[in-house]
Amino acid sequence: MTNLDSYLSGVALLAPQILVIAAILFTSCWDLFFPKHKQMTPIVSIVCLALSFFALTRQWSLNAQIFGGLFSVDTLTVIFSMIAVASGLIVVLMTMGYEHHFGKNRSEFYTILLTAIVAVMFLAGSTDLIMLFVSLETLSICCVLLTSFAKRDKKSGEASLKYLLSTAATTATLLYALSFIYGFTGSTSFDIIAQKLQLMSIGTGSLIKYLIIALTLSAIGFKLSVVPFHMWTPDVFEGAPTPVTAFLSIGSKAGGFVVALRFLYEVMGSVYRDWMVLVAILALVSMVAGNLIALAQSSFKRMLAYSSIAHVGYMLLGLLAFNAEGVQSMLFYIIVYGIMNLGAFAGAILFFNETGSDRIEDMAGLIKKRPWLAIMTSICLLNLAGLPVPPAGFLAKLFIFKAGLGISESATLADSANYVAQTTMWGSFPIGWVLVICALITSIPAIYYYSKVVIYMIVPEPSEKVAQLAEHRKFVGSPQEGPWAALWLCTIAITLAGTFLVNPLMNASQKAATTMGAEQKREIGYQGNFN
């Protein structure tokens, strides 16, 4: 195959990304030439995202590296790209009922949002440090711009500034870590780096190994907003426009999780025992702090911010399991959590557009005036709590907790494989059981604060805001039909994910998990049983 043929075949494999890029070009130019037809911008965005999702389904069985190993097209790339595209499509629907807050800058919002989506898609397949860094920074810059899009809102400006300063510091630490890795290995390719880092997994290791791990985890921790790298999350979630908050809660986090999987498994799998302890501590404090602080929140968006920190702590149990079951359960949890969270934010947009409030107390008695809005939002919240109504959220937690019980076994296998010459406390310490018990205990306050919102919505005495609402509101055919459609889609998806689609979703997650398969793990120095 000639260089030209190789290049063209690589471009063909980027068809899903090219379709989103086409939507970016359209949204950035359409309003300049046809300012009276701005309604076409979100419609074309939805069409291109739907076509991109369809193109991704055609790549489900592929396993190829293109452009000299810069980008990998495999099942893991496809499933995270699907998450980004699907969440982006729902966010566009939400924005159609929220875009009046943006004034004349509506098209620019869609352009930046689509750029963030395509950044996650490129991030999902990055197998080179340069590709990883460029994709991650593109995503970060877009998120900063989207956060500040409500220009006349002081909270939005404050949130954007905090996010900018935090992401700048994180970029510095990540670049510092990548420079150490490049200096130590002399390569930016994940495969070559993994082979050379295997030397660092023998014996007690060196100071530079722990420095690289600490710097890398701080950057990943910021993207996932785990404690103590979470300080930006509540202010950004509250101050940013609600569609942006919805995207940050799942689209941006999907990028963080794929970085964690690619980097910690493929590149640093040989030093699993060293980063496992740190990630376990981060998961533990995130579950505790996220759930306890969420109890005291009166803002709906701020409550979801702290609860998202706790949910990341749960998802990290799958990462820590370091086996196919862990990756499979984590992917299922990310998919289900994304649907539930997007539905909750769609309900928040519909309520805010009518009342101008996101206070939990102001939602009291909502079922009297907007029964379907209250019921569907309640379904999303009860599933976030892990209650089987329907059992999508319950099953997600069940699978992730079961995978978490295998963490101790993975630590023992890592010790026996790479640390034969020394005895460690982690080989026998039941760290998996400790984390799962903590997750079960911290799920109790989560049930309380999610159920509190549901109880407020069904109490007989309406709040002042709800009492002022009209008796009947027709969403279809109104400017609010976009977020209304998003809420309906999320509610239907939650119902299906907890019933008919459990096996298909788990099988898809399992296929993606095999991308991080046993043979690949052995190549980078992990000799445990990955099946």
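Residues numbered from 1 in each chain as written. Predicted model: local features only at pLDDT ≥ 70, side-chain atom pairs only at ≥ 80, totals over all residues. Heavy atoms only, no water.

**Brief notes about the packing of aromatic side chains**
Link 1 in the chain: Summed over the entire model, instances satisfying the criterion amount to 19 aromatic pairs.
Link 2 in the chain: Ring geometry for Phe 109 versus Phe 149: centroids 5.3 Å apart, planes at 75°, classification edge-to-face. Here the residue Phe 109 occupies a position in helix α5 (residues 106-124), and Phe 149 occupies one in the loop between α6 (129-147) and α7 (154-185), the gap between them amounting to 40 residues.
Link 3 in the chain: Connected via pairs of aromatic rings, a cluster forms that spans Phe 109, Tyr 110 and Phe 149. (Phe/Tyr/Trp six-rings, centres within 6.5 Å; stacked < 30°, edge-to-face > 60°. Helix = DSSP H or I, 4+ residues; strand = E, 2+ residues; numbered from the N terminus.)

**Points about the nonpolar core**
Link 1 in the chain: Judged by nonpolar contacts, the single largest core of 178 residues is most densely connected at Phe 80, Met 268, Trp 275, Phe 300 and Leu 381.
Link 2 in the chain: The dominant element in this core, judged by the number of residues it contributes, is helix α14 (residues 324-355), at 19 residues.
Link 3 in the chain: In contact with Leu 381, not counting residues within four places along its chain, are Phe 300, Leu 304, Ala 344, Tyr 450, Val 453, Val 454 and Met 457. (Core = buried A, V, L, I, M, F, W, Y, C linked by side-chain atoms within 4.5 Å. Buried < 20%, exposed > 50% of the residue type's maximum accessible area, 1.4 Å probe, protein only. Contact = heavy atoms within 4.5 Å.)

**What to know about the side chain of Ser 509**
Link 1 in the chain: Relative to the helices and strands, Ser 509 is located in helix α22 (residues 502-513).
Link 2 in the chain: At 2.9 Å, the side chain of Ser 509 and the backbone oxygen of Leu 505 are in polar contact.
Link 3 in the chain: Discounting residues that sit within four places of it in the chain, Ser 509 has contacts with Ile 79, Gln 328, Leu 331, Phe 332 and Ile 335. (Polar contact = N/O pair within 3.5 Å; in protein donor to acceptor, adjacent residues only side chain to side chain.)

**Notes on the packing of helix α11 (residues 242-267) against helix α13 (residues 300-321)**
Each pair of packed helices gets described by two things: the angle between the helix axes and the distance between those axes.
Link 1 in the chain: Relative orientation of the contacting elements α11 and α13 amounts to 20°, with a least axis distance of 12 Å. Taken together, α11 and α13 sit at an angle that is classed as roughly parallel. For the pair α11 and α13, the sense of crossing is right-handed. Taking contact as the criterion, the partners of Thr 242, Thr 245, Lys 253, Phe 257, Ala 260, Leu 261, Leu 264 and Tyr 265 in α11 are, on α13, Lys 301, Ser 308, Val 312, Met 315, Leu 316, Gly 318, Leu 319 and Ala 321.
Link 2 in the chain: Residues of the contact of α11 with α13, tallied by class, amount to 10 nonpolar, 4 polar and 2 charged. (Axes fitted to C-alpha atoms, helices over the stretch in contact; angles between N-to-C directions. Parallel < 35°, antiparallel > 145°, perpendicular 65-115°, else oblique. Left-handed = near helix turned anticlockwise from the far one by under 90°. Nonpolar A, V, L, I, M, F, W, Y, C, P; charged D, E, K, R; others polar.)

**A short note on a nonpolar patch on the surface**
Link 1 in the chain: On the surface, Trp 372, Ile 375, Trp 488, Ile 492, Leu 496, Phe 500 and Leu 501 cluster together into a nonpolar patch covering about 700 Å² of accessible area.
Link 2 in the chain: Broken down by element, the nonpolar patch gets its largest block of residues, 3 residues, from helix α21 (residues 481-497).
Link 3 in the chain: One can find Leu 501 in the loop between α21 and α22.
Link 4 in the chain: With a relative accessible area of 35%, Leu 501 lands in the partly exposed category. (Patch = residues over 30% accessible without salt bridge, like charges linked within 9 Å, V, L, I, M, F, W, Y side chains within 5 Å. Areas by Shrake-Rupley, 256 points an atom, 1.4 Å probe, with all protein chains shown as cover. Salt bridge = Lys/Arg side-chain N within 4 Å of Asp/Glu carboxyl O.)

**Brief notes about the pattern of salt bridges**
Link 1 in the chain: Summed over the entire model, instances satisfying the criterion amount to 10 salt bridges.
Link 2 in the chain: A salt bridge links Asp 74 to Arg 262, with the nearest nitrogen and oxygen atoms 3.0 Å apart. In this pair, Asp 74 sits in the loop between β2 (71-73) and α4 (75-96) while Arg 262 sits in helix α11, placing the two residues 188 residues apart along the sequence. An identical accessibility class is assigned to Asp 74 and Arg 262; each is buried.
Link 3 in the chain: Two residues, Arg 262 and Glu 266, come together in a salt bridge whose shortest N-O distance is 3.0 Å. One end of the pair is Arg 262 and the other is Glu 266, both in helix α11 and 4 residues apart, which spans about a single turn.
Link 4 in the chain: The exposure class assigned to Arg 262 is buried, which follows from its relative accessible area of 2%.
Link 5 in the chain: With relative accessibility at 6%, the residue Glu 266 sits in the buried group.

**Regarding the side chain of Arg 302**
Link 1 in the chain: Considering the arrangement of structural elements, one finds Arg 302 in helix α13.
Link 2 in the chain: A distance of 3.2 Å separates the side chain of Arg 302 from the side chain of Asp 235, its partner in a polar contact.
Link 3 in the chain: If near-sequence neighbours (up to four positions away) are discounted, Arg 302 is found in contact with Pro 234, Asp 235, Glu 238 and Gln 297.

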